[in-house]
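# Survey of secondary and tertiary structure
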Amino acid sequence: MVAGTMPGMAAPYAAMVIDARSGEVLHSRNADTPLHPASLTKMMTLYIAFEAIENGEISLDTAVRISQNAAAEPPSKLGLRAGQTIKLRYLIRAAAVKSANDAATAIGEAIEGSEAAFARRMNRTAKALGMSRTTFKNANGLTEDGHLSTARDMTTLGRHLFYDYPDYYNLFSRITTDAGIKQVASSNRRFLSSYKGADGIKTGYTRAAGFNLVASAERGGERIIATVFGGRSSATRNAQVAELLDLGFSRAPTRVAVRKPARPPYLGSGRSGETIRVATTLSSSTRPRTRPGTGAAEMPQELLIALRDDIRDAVELANSTPAAAAPPAPESATLELAAVTIPAIPPKPRPAVATATPAVAMTAPPEAPEVVTRMSSSSGRHWGINVGRYGTQYEAERVLLETALKELGALDEALRKVNRSSRGFDANFVGMTKEQAALACRRLQAYGSDCDTFGPS
């Protein structure tokens, strides 16, 4: 008998319905009662996996070695064998679509080293998300004493999955997927196929929990999230969720301001025993210290002028981009450019134009050596990344600028360069070390951007 169950007793029922756009509660019943979440737990496992990928802790192509602990998990499972290796992307697909317990455990062990350490991270993240009545003990949701959550908390988690990681959300709407070693079918395929507008999120079942489901659906610009704990069967649970979604659409206003949930701070991996906090607001742009031997106590005026001109050119290029082509800036990151003060230095005269006489142009010697405003390709900086090939130079330059602004930290020292060939215009960042290029690509791929590294030929 599964721990926490009693013969002949049905699991308690709980429900929650919200307008995902505003977070307004449209219906609730026993929404704050701690219950067994079953495989709804995997929503948190996947949330942390997306977070770890985005922050460069691990990549989708990381080869994960399967432990005996993960391979021994009971069904539902992918059928992993102890000692085999499989890419993280396939484990994520198996956990999200098939609700594979062995895949979920392997994800947790790959990120934090052990399932116990991963459970501690799950609880830190739950607290940061405002899931105040949730305690996780494992990565897959199999029944364990003290492993509990509520309909409200799981609804909150579902809303964060949708808004915090939209590039990965499509996983939850897949009817089938390639899980590396085989094709697997969705545990939620019947509901996805039968309810108009349904596109996720996650099912769960154990004897202690009953039949659980967090479902999201969109119709005519309105998005509703409904959660049910304690369904008596998958069919009755699906019918209950359909009724709750219908109720949500009937009560939700046609137009409402979208108020995305505040994204929690990145708490990082707990492997080092320290908590890592990354600020979401940049008040200044840090620069490398002056290299030894230069004797310069302050930044030269020529460099300040070049930096100012570089910023001005970037702003002009951004302003010239059609508004429809510019992606929305993430709400969780704010650049406060006003905090960086550049002294008012009179600009040097621009080079003579074509109408100037040759004598004037030739008799004006340069006042100072050329100032390079980006890191050179010396000291092993012979690597770069490619973020796409485009039909025009303007389009390639625009993508480079948008990418640089999106990932300031990883690309701060890189040089933007467009290479023209017979096949188009390649948008490249160059002047990077091999490690910098690899890290930048991992972070861009986490945003859903195309990226390939290249090195010296």
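The text that follows walks through the structure, step by step, so that each part is easy to find. Nothing here was measured: the structure is a model prediction, and the numbers come from that model. (Residues numbered from 1 in each chain as written. Predicted model: local features only at pLDDT ≥ 70, side-chain atom pairs only at ≥ 80, totals over all residues. Heavy atoms only, no water.)

M44, F50, I66, L91, I92 and I107 are the most contacted members of the largest nonpolar core, which totals 61 residues. Every element with two or more residues in this core is listed here: β1 (14-19), α1 (42-54), α2 (68-71), α3 (88-98), α4 (101-112), α5 (115-129), α6 (151-164) and β9 (222-231). With nine residues, α1 is the single largest residue contributor to this core. Sequence-distant contacts of F50, defined by excluding residues within four places in its chain, comprise I92, L161, Y165, Y168, L171 and F172. (Core = buried A, V, L, I, M, F, W, Y, C linked by side-chain atoms within 4.5 Å. Buried < 20%, exposed > 50% of the residue type's maximum accessible area, 1.4 Å probe, protein only. Helix = DSSP H or I, 4+ residues; strand = E, 2+ residues; numbered from the N terminus. Contact = heavy atoms within 4.5 Å.)

Between α1 and α5, whose axes approach to 10 Å, the crossing angle comes to 90°. By the angle between their directions, the pair α1 and α5 is classed as roughly perpendicular. Touching M44, T45, Y47, I48, E51 and A52 of α1 are F118, R121, M122, T125, A126 and L129, all from α5. Each residue belonging to the contact of α1 with α5 can be placed in one class, and the counts come to eight nonpolar, two polar and two charged. (Axes fitted to C-alpha atoms, helices over the stretch in contact; angles between N-to-C directions. Parallel < 35°, antiparallel > 145°, perpendicular 65-115°, else oblique. Nonpolar A, V, L, I, M, F, W, Y, C, P; charged D, E, K, R; others polar.)

So, on to unusual backbone geometry. Excluding glycine, residues mostly have negative phi values, and the peptide bonds linking residues are mostly trans. Going from P75 to S76, the amide bond is cis rather than trans, its omega being 5°. When you line up the elements, S76 lands in the loop between α2 and β4 (85-87). I201 follows G200 through a cis peptide bond whose omega is 15°. Within the element layout of this structure, I201 appears in strand β7 (residues 198-206). A positive phi is found at S99, a non-glycine position, where the angle reads about 65°. Mapping S99 onto the fold places it in the loop between α3 and α4.

Across the sheet, which stays open at both edges, the five strands sit in the order β2-β1-β9-β8-β7 with antiparallel pairing between neighbours. The sheet terminates laterally at β2 (25-29) and β7, the two strands that pair on one side only. On average, adjacent strands in this sheet sit at an angle of 5° to one another, irrespective of strand direction. In this sheet, strand β8 (residues 210-219) lies alongside β7 in antiparallel orientation, the contact comprising eight bridges. For Y205, the partnering residue across the bridge sits in β8 and is F211. The sheet contacts of α6 involve β1, β2, β7, β8 and β9, and relative to β9 the element is tilted by about 140°. Against the sheet, helix α8 (residues 234-251) contacts β1, β2, β7, β8 and β9, and its axis sits at roughly 145° relative to β9. (Pairing = 2+ DSSP bridges.)

To continue, consider the pattern of salt bridges. With the rule as written, the count across this model stands at twelve salt bridges. For R152, the salt bridge goes to D32, with nearest N and O atoms at 2.6 Å. Of this pair, R152 sits in helix α6 while D32 sits in the loop between β2 and α1, and the two are 120 residues apart along the sequence. When its relative accessible area of 28% is taken as the criterion, R152 is described as partly exposed. (Salt bridge = Lys/Arg side-chain N within 4 Å of Asp/Glu carboxyl O.)

These values are about where atoms sit, not about what they do.
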